Amino acid sequence: VGGLRDTIEEGKNGFAFEGDNPTAQADALLDALKRALKKFSGKSGQWQRLRKSAAATRFTWDKSVDAYLQQLYRVS
C-alpha cells in the first residue's frame, strides 16, 4: 500500500497487501478485500471498531521526514 505501509495495522485500522509482481499484487488485493468483507459482514462490531480506529489514526509526516533526512541525506 505504498507510503501507508508503516501506518496501516492489518485489521486494526485498515487492510494491507503486497506482491512482487502485478499478478501477486492482484491476488493479494483480492485476499485483502475478502478479509475486509468478512470483517464488514460480521456481527461482532469489528467493522465499527476498525472504522473508528481508522478515523482516529493520525498520519503525520514526522517519522517520514526524519527517515528521509537520515537515509537519503545522512542528516542526524
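A brief report on the enclosed structure follows. (Residues numbered from 1 in each chain as written. Predicted model: local features only at pLDDT ≥ 70, side-chain atom pairs only at ≥ 80, totals over all residues. Heavy atoms only, no water.)

Comments concerning the overall build of the protein
Consideration 1: Secondary structure summary: the protein contains three helices and zero strands in total.
Consideration 2: Helices and strands in the protein line up, N terminus first, as α-α-α.
Consideration 3: At 16 Å, the protein has a C-alpha radius of gyration far larger than the 11 Å of a compact globule built from 76 residues.
Consideration 4: Summarising its shape, the C-alpha atoms of the protein cover approximately 50 × 35 × 10 Å along the three principal directions. (Helix = DSSP H or I, 4+ residues; strand = E, 2+ residues; numbered from the N terminus. Rg over C-alpha atoms; globule rule 2.2 N^0.38 Å.)

A short note on the packing of aromatic side chains
Consideration 1: Within this structure, the stated rule accounts for two aromatic pairs.
Consideration 2: Measuring from ring centre to ring centre gives 5.1 Å for F40 and W47, while their planes differ by 90°; the resulting arrangement is edge-to-face.
Consideration 3: Taken together, the ring pairs in this structure connect F15, F40 and W47 into an aromatic cluster. (Phe/Tyr/Trp six-rings, centres within 6.5 Å; stacked < 30°, edge-to-face > 60°.)

Quick notes on the pattern of salt bridges
Any two side chains of opposite charge can pair, so long as their charged atoms come close to each other.
Consideration 1: For the coordinates displayed, the defined rule picks out one salt bridge.
Consideration 2: Taking the shortest distance from any N to any O, the salt bridge between R35 and E10 comes out at 2.7 Å. Taken together, the positions of R35 in helix α1 (residues 22-41) and E10 in the segment before α1 put the pair 25 residues apart, joining distant regions of the chain. (Salt bridge = Lys/Arg side-chain N within 4 Å of Asp/Glu carboxyl O.)

Overview of the environment of F59
Consideration 1: Topologically, F59 is positioned in the loop between α2 (46-56) and α3 (62-72).
Consideration 2: Through-space distance from the C-alpha of F59 to that of I8 is 9.6 Å; in sequence the pair is 51 residues apart.

Brief notes about α1
Consideration 1: Taking 1.5 Å per residue, 20 residues should reach 28 Å; α1 reaches 28 Å between its end C-alpha atoms and fits that length.
Consideration 2: Turning to α1, its buried residues are A28, A32, A36 and K39. Along the axis of α1, the buried positions cluster into a sector of 80°, meaning they face one direction only. Set apart from the buried face of α1 by more than 90 degrees, the exposed residues are T23, K34, L37, K38 and S41.
Consideration 3: On its buried face, α1 sits against α2. (Expected span 1.5 Å × (residues − 1). Buried < 20%, exposed > 50% of the residue type's maximum accessible area, 1.4 Å probe, protein only. Arc of directions from axis to C-beta. Contact = heavy atoms within 4.5 Å.)

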